[in-house]
Amino acid sequence: MGNKGDIMAIQELIESVKIKVVEKTSNHYLQKHIPNPILDEHKLLLTITVLLQANVKKQDIITYATTITLIQIALDTHELVTNDKMHKGNERSRQLTVLAGDLYSGQYYKILAEIEDFKMLKFLAEGIKVINENKIFFYHHSAKGIEQLIKSLKDIEGALIQKLVDYYQMDGWKAFVEEFLFLHRICKEKELFDQTNSSMVVDAFFKYENKNKLNSITKNNKDAMMDKYIKEASLRVEELLNSLPALQEEFRETAYRFLNKLSKQQLYVEEG
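All figures in this text were calculated on a predicted structure; none of them were measured in a lab.

Visitor: Any details on the packing of helix H8 (residues 146–167) against helix H9 (residues 174–196)? Residues and values, ideally.
Guide: Relative to each other, H8 and H9 sit at 135°, their axes nearing to 8 Å. Judged by the angle between their axes, H8 and H9 are oblique. Once H8 is placed against H9, the crossing between them reads as right-handed. Touching Ile150, Lys151, Leu153, Lys154, Ile156, Glu157, Gly158, Ile161, Gln162, Val165 and Asp166 of H8 are Lys174, Val177, Glu178, Glu179, Leu181, Phe182, Arg185 and Ile186, all from H9. Residue composition of the contact of H8 with H9, by class: nine nonpolar, two polar and eight charged.

In structure tokens form, the structure reads like this:
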């Protein structure tokens, strides 16, 4: 399959998964009272890319990618319940968010029940367990140092797709998946912090960075800290990206566009 064929195939698969996800998450009552669930397009693209690299059949790619996307949406929705600011003074919104998370969970369990590949079910269940354990670990500041905190965030972001990589024994992808999803998460958290001056992840990083220091906590301190982590992770992702063989062109182009955008932002920060 040529590059153009790769791109068309991936776009077609992405649209098929999106349609199924919307179908599985649509609920008229919930949509009137809480925001629609957010689909993480970078994780979906990476999931489909991994499945294509593993030579999985088209229909199975759609099934597995839909399942993994629904799991991610359910986990993300349940996490919103812990965000006090989002639901402050609105207990009804909080309760409906819990129900929405349960609804999405029910949908992916329903799909999983229809899959006869019990080994895949076991791997995905292990991924869910890793994510939930690390969320507790991360948000309760149980890490002994910044390195352990970072590893915990990497597990939260990448455990599901890492389990897919393990299932298909694609060891060459493990480091890339970990670093790529970590980079996306810290970029998202930096953007959230710049817009709202609030991010549990940025605050957690800063707390561990300054555990034994007397630095005054300012927005500039936190911005500089996140820029450092983004720059380091970008370099690691670019190096790992270059080492991946026979990568689908759609994903390669998307990854490089993302890295180029970050590189320009870093240059602006350094010159500014």
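Visitor: Which residues make up H8, and what values do they have?
Guide: Look at H8: 30 Å from first C-alpha to last across 22 residues, which is about the 32 Å you get at 1.5 Å a residue. Bending of H8 peaks at approximately 65° at the position of Gly158. Across the 22 residues that make up H8, a large majority, 18, are buried.

Visitor: An account of the nonpolar core is needed here, citing residue identities and associated values.
Guide: Leu46, Trp173, Leu183, Ile186 and Phe205 are the most contacted members of the largest nonpolar core, which totals 73 residues. Per element, the largest residue contribution to this core is eleven residues, and it comes from H8. Ignoring anything within four residues of it in the chain, the contact list for Phe205 reads Phe138, Ile146, Leu149, Ile150, Leu153, Phe182, Ile186, Met225, Met226 and Tyr229.

Visitor: An account of unusual backbone geometry is requested, with residue identities and associated values reported.
Guide: The phi angle at His141 is positive, at roughly 50°, despite the residue not being glycine. Within the secondary structure, His141 sits in the loop between helix H7 (118–139) and H8. On the basis of relative accessible area, His141 is assigned to the partly exposed category, the value being 33%. Even without being a glycine, Gln169 presents a positive backbone phi close to 55°. Following the sequence through the fold, Gln169 ends up in the loop between H8 and H9. Judged by its relative accessible area of 67%, Gln169 is exposed.

Visitor: Please provide a residue-by-residue account of the packing of aromatic side chains, values included.
Guide: Within the structure shown, the criterion is met by nine aromatic pairs. Measuring from centroid to centroid gives 4.7 Å for Tyr167 and Tyr168, while their planes differ by 90°, and the two rings are edge-to-face. By the ring-pair criterion, three or more aromatic residues cluster together here, those being Trp173, Phe176, Phe180, Phe251 and Phe258. In this structure, Lys154 is placed above the aromatic ring of Phe182, and the distance from its NZ or CZ to the ring centre is 5.2 Å.

Visitor: Account for the pattern of salt bridges, with residues named and values stated.
Guide: All chains considered together, the criterion is met by 19 salt bridges. A salt bridge links Lys18 to Glu15; its shortest N-O distance comes to 4.0 Å. Of this pair, Lys18 and Glu15 both sit in helix H1 (residues 3–25), three residues apart, which is roughly one turn of the helix. Exposure remark for Lys18: the relative accessible area of 22% places this residue in the partly exposed category. A single salt-bridge network, built from bridges that share partners, covers Lys43, Glu157, Arg185 and Glu189.

About the cut-offs
- Residues numbered from 1 in each chain as written.
- Predicted model: local features only at pLDDT ≥ 70, side-chain atom pairs only at ≥ 80, totals over all residues.
- Heavy atoms only, no water.
- Axes fitted to C-alpha atoms, helices over the stretch in contact; angles between N-to-C directions.
- Helix = DSSP H or I, 4+ residues; strand = E, 2+ residues; numbered from the N terminus.
- Parallel < 35°, antiparallel > 145°, perpendicular 65-115°, else oblique.
- Left-handed = near helix turned anticlockwise from the far one by under 90°.
- Contact = heavy atoms within 4.5 Å.
- Nonpolar A, V, L, I, M, F, W, Y, C, P; charged D, E, K, R; others polar.
- Expected span 1.5 Å × (residues − 1).
- Bend = angle between axes of the 7 residues up to and from the residue.
- Buried < 20%, exposed > 50% of the residue type's maximum accessible area, 1.4 Å probe, protein only.
- Core = buried A, V, L, I, M, F, W, Y, C linked by side-chain atoms within 4.5 Å.
- Phe/Tyr/Trp six-rings, centres within 6.5 Å; stacked < 30°, edge-to-face > 60°.
- Lys NZ or Arg CZ within 6 Å of the ring centre and 35° of its normal.
- Salt bridge = Lys/Arg side-chain N within 4 Å of Asp/Glu carboxyl O.

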